[in-house]
Amino acid sequence: MELFWWLFAIVLFAIGLIGTVVPILPGTTIILAGAVIHRMMLGPEKSIGWPTIGVLVLLTLATYALDFLGSYFGAKYFGATKWGTFGAIIGALIGLFFGIIGLFVGPVIGAITGEFVAGKRMIAAGKAGWGSLLGNLAGMIGKLVIALAMITIFLMTVPSPLK
């Protein structure tokens, strides 16, 4: 039965890694669920401890912060006003309801709209939108790195099943 729970956790880890680049799936949440289920089914002597789960929870929360702040900081870096950065965040939130395309296009449209509200011209608004898109992509890469770190932490702290 122990082998089944190991395979179950590994499958959830793989789905979670896919979910970090495919925005439909909550990638790091799935990885966290795999670790918690492994712990609950195998017990503390054959799985990870609660401090490790605490670290995994914090890393999961960090990825959600990256989701929303990536487009904000990207737009800000490319010279967006506070209206443009606020628009990027609102666009990211609205984009959540429109699938993969919405997650990429929402912050861009939000940043551009915010810049127009602030009275900026098309070029300045376009730069803010471009920055928002690049920030989103950087956030996605950051989430992938964190997801890989979560799996590595799990594998380094769990006792070997081969003993």
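First things first, this report covers the structure right here in the doc. (Residues numbered from 1 in each chain as written. Predicted model: local features only at pLDDT ≥ 70, side-chain atom pairs only at ≥ 80, totals over all residues. Heavy atoms only, no water.)

Brief notes about the overall build of the protein chain
Part 1: The helix and strand inventory of the protein chain stands at six helices and zero strands.
Part 2: In summary, the protein chain has a C-alpha radius of gyration of 19 Å against a globular reference of 15 Å for 163 residues, an excess of more than 25%.
Part 3: In terms of its C-alpha atoms, the protein chain occupies a principal-axis envelope of roughly 65 × 25 × 15 Å.
Part 4: Across the 163 residues that make up the protein chain, the buried fraction comes to 39%.
Part 5: For the protein chain, the exposed area adds up to about 9,000 Å²; of that, 80% sits on carbon and sulfur atoms.
Part 6: The averaged location of the 4 negative side-chain charges in the protein chain is 15 Å from the averaged location of its 9 positive side-chain charges. (Helix = DSSP H or I, 4+ residues; strand = E, 2+ residues; numbered from the N terminus. Rg over C-alpha atoms; globule rule 2.2 N^0.38 Å. Buried < 20%, exposed > 50% of the residue type's maximum accessible area, 1.4 Å probe, protein only. Areas by Shrake-Rupley, 256 points an atom, 1.4 Å probe, with all protein chains shown as cover. Lys, Arg positive; Asp, Glu negative; His and termini not counted. Charge placed at Lys NZ, Arg CZ, Asp CG, Glu CD.)

A word on the pattern of salt bridges
It is possible for side chains of opposite charge to pair when their charged atoms get near one another.
Part 1: One pass over the full model with this rule turns up one salt bridge.
Part 2: In this structure, E2 engages K46 in a salt bridge whose closest nitrogen and oxygen atoms are separated by 3.3 Å. Here E2, found in helix 1 (residues 2–21), pairs with K46, found in the loop between helix 2 (27–42) and helix 3 (50–77); they are 44 residues apart in sequence, far enough to count as distant.
Part 3: Given the relative accessible area of 25%, E2 is considered partly exposed. (Salt bridge = Lys/Arg side-chain N within 4 Å of Asp/Glu carboxyl O.)

Some details on the packing of helix 3 against helix 4 (residues 82–95)
Part 1: Contact pair helix 3 / helix 4: the axes reach a minimum separation of 8 Å and the direction vectors enclose 150 degrees. As judged from the angle between their axes, helix 3 and helix 4 are roughly antiparallel. Crossing handedness for the pair helix 3 and helix 4: right-handed. Where helix 3 approaches helix 4, its residues F68, S71, Y72, A75 and K76 are matched on the opposing element by T85, A88, I89, A92 and L93.
Part 2: Its residues placed into classes, the contact of helix 3 with helix 4 shows seven nonpolar, two polar and one charged. (Axes fitted to C-alpha atoms, helices over the stretch in contact; angles between N-to-C directions. Parallel < 35°, antiparallel > 145°, perpendicular 65-115°, else oblique. Left-handed = near helix turned anticlockwise from the far one by under 90°. Contact = heavy atoms within 4.5 Å. Nonpolar A, V, L, I, M, F, W, Y, C, P; charged D, E, K, R; others polar.)

Quick look at the side chain of T52
Part 1: By secondary structure assignment, the location of T52 is in helix 3.
Part 2: Excluding its chain neighbours within four sequence positions, the residues that come into contact with T52 are I153 and T157.

Comments concerning the packing of aromatic side chains
Part 1: Under the defined criterion, the tally for this structure stands at six aromatic pairs.
Part 2: Here the aromatic rings of F4 and W5 are separated by 4.8 Å at their centres, their planes lie at 75 degrees, and the arrangement is edge-to-face.
Part 3: Between the aromatic rings of W5 and F8, the centroid separation amounts to 5.5 Å while the plane-to-plane angle is 80 degrees, which identifies the pairing as edge-to-face. Here W5 pairs with F8, and both are found in helix 1, just three residues apart, close to one helical turn.
Part 4: Owing to a relative accessible area of 30%, F8 belongs among the partly exposed residues under this scheme.
Part 5: Ring pairing ties together the aromatic residues F4, W5 and F8, which thus form one cluster. (Phe/Tyr/Trp six-rings, centres within 6.5 Å; stacked < 30°, edge-to-face > 60°.)

Any link to function would need more than the numbers given here.
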